[in-house]
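Below, each chain spelled out in residue letters.
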Amino acid sequence: MPPCAPDGVATKRGERMAHLPDAAGAKRDSKLKSITPEELARHNKPDDNWICIDEKVYDVSKWAASHPGGEHLMINAAGTDASAVFHAFHTTHGSGNRAINILKHIPHVANMEQRPKTNLEKAFQELREKVDTDGLYKTNEVYYLMMALWLFSLLLGTVYLVLTAETKLGAIGAAFTFGLFLQQCAFVGHDTAHNGITHDRKTDMMIGIIVGPLLTGVSTAWWKRSHNAHHVVTNSVTHDPDIQHMPIIAISPEFWRKGGVWSLYHKKWFAFDWAAKALISYQHYLFYPVMAFARWNLYLQGFALLFNPNIKTEWTNLELCSLGFFWTWLSLLTSCLPTLQMQLIFLVVSHMFAGILHVQITLSHFSMPVYHGATYDAPMGEEFLRQQCATSMDVDTRWWNDWFHGGLQFQVAHHIFPRVPRHNLKKVQSMLQELCREHDIEYKVMGWLAGNKEVYKTLQAAAMKARETPTVEFTESEMWKAMCAEG
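Keep in mind that what you see is a predicted model, and the values were worked out from it rather than measured. (Residues numbered from 1 in each chain as written. Predicted model: local features only at pLDDT ≥ 70, side-chain atom pairs only at ≥ 80, totals over all residues. Heavy atoms only, no water.)

Pairing in this open sheet of five strands is mixed, and the strands run S1-S5-S4-S3-S2 from one edge to the other. The open sheet has two edge strands, strand S1 (34-35) and strand S2 (44-45), and neither has a second partner. Here strand S4 (residues 56-59) runs beside strand S5 (residues 108-112); their pairing, made up of three bridges, is antiparallel. By the bridge assignment, Tyr58 is partnered in S5 with His108. (Pairing = 2+ DSSP bridges. Helix = DSSP H or I, 4+ residues; strand = E, 2+ residues; numbered from the N terminus.)

Following this line, the structure appears as structure tokens:
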């Protein structure tokens, strides 16, 4: 039985299943009323939160705070059909039918008006089934065993080079090795955040804590909370934390069109004030220097989340202990270098080299279109697929440099099938590209240098717009007018 086969439904490898189980594991309740998308959209507040999954409408208002991925994801989905997102993140691999079983205990308050599915919806459903039946969710254990040996060799090499370094050049060699270790560990942490290695939530979480806070100082809880939001609302000006970097960077004038933007993730107003204008006006020059030091911000973000009393996180004490261990062992290792100058060289250069990771992360999204709100404007039922294809870009790589990108080069495929192990994403990419060709959807792939050039041009274009845009005081912004019921 393949990993995603419904209970009691045996299939052979390569044989397509007739259907996948719907989210509730049961038929629509004919006694409940049917509602229109417009009626569903009216229930879009935290205390009145209805979402639709497979034509069944659930009231998740009271349960949202218990959602393992975070309440903010449920708020993002309020008043929408979240079927495609649900199936992308709640496969049955490893976790069984946990999510489906939870839905059985959430109030099923209505049904959606039935409508004919579009040809694209049908084709995407068939593709989802084929990804399952072709065994592409199955993890190659040898691949990750070799990955573990690779990471261990980088860590061992770092320790050896630090202990034997006698010159600045030796410290730089140790720094590059440690920077590569930090970058490569981040890819494994990314895999575990999506339950993409063992497909067991607790096991992957433990692996994530080892390669995250314990060995590299990055909070797994922070990464999962932020990254899950990014996946659901990719490139939303108001919702995606991965593109909300004002006052330093803004990839589009949409961030200051109303004098700033309110972040639904950070729960704060990003104002287009004098500081934002001054920095954004030169962001195309500042981008790479900022990326070189961006990792230090990740450390701060992790502590800020774990000590935030208003946000519930899992295994908080274990994460804090792991972070304490990281800073202890890193401090001890750094102190083994003979001079203070060499110690600073090791820390600064290693983190600057690891900054390549941040360029890799931003490369697939910064030059792509943005939108407002939690829902991408597309034909009903096609929103998720079209959103991910429109807001993400793959990086063209070859066999000899695939390892350096850690699966991030298949960003479109990964966003649509986030649970698929990275070593299978190449196959998924080919299947998606065929689907997109048949339905006239752009599937963007660019080389590393060309992609960086596009990001630079995007930042430069936004910078030129910022220079000619007057700053707006908060009391003159659209946010202030809305608060005062003036607009």
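Moving on, we get to unusual backbone geometry. In the segment running from Met246 into Pro247, the intervening peptide bond is cis, with an omega of 15°. Tracing the backbone shows Pro247 in the loop between helix H9 (220-232) and strand S6 (260-263). Located in the positive-phi region is Asp54, a residue other than glycine, with phi close to 50°. Locating Asp54 in the fold gives a position in the loop between strand S3 (48-53) and S4.

Attention now goes to the pattern of salt bridges. Going through the model one piece at a time under the given rule, you end up with eight salt bridges. Between Lys130 and Asp134 there is a salt bridge, with the nearest N and O atoms lying 3.0 Å from each other. A salt bridge links Glu382 to Arg386; its shortest N-O distance comes to 2.7 Å. Overall, the relative accessible area of 7% leaves Glu382 in the buried class. Residue classification places Arg386 among the partly exposed positions, given a relative accessible area of 26%. (Salt bridge = Lys/Arg side-chain N within 4 Å of Asp/Glu carboxyl O. Buried < 20%, exposed > 50% of the residue type's maximum accessible area, 1.4 Å probe, protein only.)

A few words now on the environment of Ile207. With respect to the helices, strands and loops of the structure, Ile207 is situated in helix H8 (residues 201-214). Spatially, the C-alpha atoms of Ile207 and Lys31 are 46 Å apart, while their sequence positions differ by 176 residues.

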